[in-house]
Number of protein chains: 2
Amino acid sequence: MTALAFQDAYPDHVSHCYGCGRLNPEGLQIKTRWDGEESVTHFRPRPEHMAIPGFVYGGLIASLIDCHGTGTAAAAMYRAEGRALDTLPAFRFVTASLQVDFVRPTPIDTELEVRGRVTERSDRRVVVSATVSANGVVTAKGTVVAVPLPKSFEPNCP
Amino acid sequence: MTALAFQDAYPDHVSHCYGCGRLNPEGLQIKTRWDGEESVTHFRPRPEHMAIPGFVYGGLIASLIDCHGTGTAAAAMYRAEGRALDTLPAFRFVTASLQVDFVRPTPIDTELEVRGRVTERSDRRVVVSATVSANGVVTAKGTVVAVPLPKSFEPNCP
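What you see is a predicted model; the values in this text were computed from it and never measured.

Some words on the packing of aromatic side chains
Residues and elements named next belong to chain B. By the definition in use, this model includes 6 aromatic pairs over all chains. For the pair Y78 and F91, a centre-to-centre distance of 5.1 Å together with 85° between the ring planes defines the contact as edge-to-face. In this pair, Y78 sits in helix α1 (residues 58–81) while F91 sits in the loop between α1 and β3 (93–102), placing the two residues 13 residues apart along the sequence. Summarising the burial analysis for this pair, Y78 and F91 share the class buried.

Quick look at the structure:
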């Protein structure tokens, strides 16, 4: 049995993100799961996601690391509390800062693997370090500082 | 008369980028121009570019800053040489590193303005500092370290 993806446990009202929301039919709909202490996302770029023909554009790499990072942050909080991903209250994180180093060109004609590791965790923020690999070779490295979804993100907040 | 956009002067074979290539029909096709010492891109997010309903997802912000930065880097090189954008040899940059701080949620139902400024320039790299604003309020800040398109990006290089 495949474990529930982090993103598949997000409550409906926060599942519309272009990068990771299962309710965004146009979006990337990435799926992230634990592999021991690391979180893993596999994603196959679409043909249009090119930079130069043959290679992935940087914005996609940034998007993958970003949503992989916020997903890992939420999952890490559940894990710290010993709770399943689909239990309440739900954790949902957004990105405070994102840093990406493009180590080498990322080929577009293969599945990409994003691997993340929590390097810092508190109630106020979770830091996730990630790599993107293609055919077993790391092509990008990144860091996401994730913070709990603030009230200001709620469309109807005062 | 509106000045030629940086991206409209890219040679055809490097004009397929999802973020900024005029030959990518699925892409964002951003257009950047000089406004004095600053470079400016205006972009209206698509409805699907949401994070939480009402707000733009981080990957789009990162993509805008990224492609705005590489475009500004190229344009800065032409300017330094006193050459028009559509003269040869062409400059084309890719991103070595990208850093984005998400200052506050970015509303999705308005045009975004990206403004960039070159903070460092040499033949080997150009650093561009940028902001993203919505309705006159800065929602994100970023830095792009851009480097000339390396040979390894050429699909047929040995």
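Thoughts on the pattern of salt bridges
The final tally for this structure, using the stated rule, is 18 salt bridges over all chains. Notably, a salt bridge pairs D8(A) with K31(A), separated by 2.7 Å at the nearest N-O pair. Taken together, the residues span a long stretch of sequence, with D8(A) in the segment before β1 (32–35) and K31(A) in the segment before β1 at a distance of 23 residues. What makes K31(A) partly exposed here is its relative accessible area of 23%. Of the charged contacts in the structure, one is a salt bridge between R22(B) and D12(B), with a shortest N-O distance of 2.4 Å. Taken together, the positions of R22(B) in the segment before β1 (32–35) and D12(B) in the segment before β1 put the pair 10 residues apart, joining distant regions of the chain. With a relative accessible area of 25%, R22(B) lands in the partly exposed category. One continuous salt-bridge network, built from bridges that share partners, spans D35(A), E38(A), E113(A), R115(A) and R117(A).

Examining the sheet that holds strand β4 (residues 112–121) of chain A
A sheet is described by the order of its strands in space; here 12 strands give the open sequence β1(A)-β2(A)-β4(A)-β5(A)-β6(A)-β3(A)-β3(B)-β6(B)-β5(B)-β4(B)-β2(B)-β1(B), paired in antiparallel fashion. The open sheet has two free edges, formed respectively by β1 of chain A together with β1 of chain B, since each of these has just one partner strand. Strand-to-strand twist in this sheet, taken as the mean axis angle between neighbours without regard to direction, amounts to 25°. Contacting β1, β2 (38–43), β3 (93–102), β4, β5 (126–134) and β6 (137–148) of chain A together with β3 of chain B, helix α1 (residues 58–81) of chain A crosses the sheet at an angle of about 135° to β3(A).

Some thoughts on the relation of the copies chain B and chain A
Mapping chain B onto chain A calls for a screw motion: a turn of 180° about the axis and a shift of 0.0 Å along it, with 0.0 Å RMSD after fitting. Viewed as a symmetry operation, the transformation between the two copies matches a two-fold axis. When C-alpha distances to the rotation axis are compared across chain B, the minimum falls at Q99(B), with a value of 2.2 Å. Most of the interface of chain B is mirrored in chain A: 97% of its interface residues are interface residues there too.

What counts and what doesn't
- Residues numbered from 1 in each chain as written.
- Chains lettered and ligands numbered in written order.
- Predicted model: local features only at pLDDT ≥ 70, side-chain atom pairs only at ≥ 80, totals over all residues.
- Heavy atoms only, no water.
- Phe/Tyr/Trp six-rings, centres within 6.5 Å; stacked < 30°, edge-to-face > 60°.
- Helix = DSSP H or I, 4+ residues; strand = E, 2+ residues; numbered from the N terminus.
- Buried < 20%, exposed > 50% of the residue type's maximum accessible area, 1.4 Å probe, protein only.
- Salt bridge = Lys/Arg side-chain N within 4 Å of Asp/Glu carboxyl O.
- Pairing = 2+ DSSP bridges.
- Axes fitted to C-alpha atoms, helices over the stretch in contact; angles between N-to-C directions.
- Contact = heavy atoms within 4.5 Å.
- Least-squares fit on C-alpha atoms with pLDDT ≥ 70 in both.

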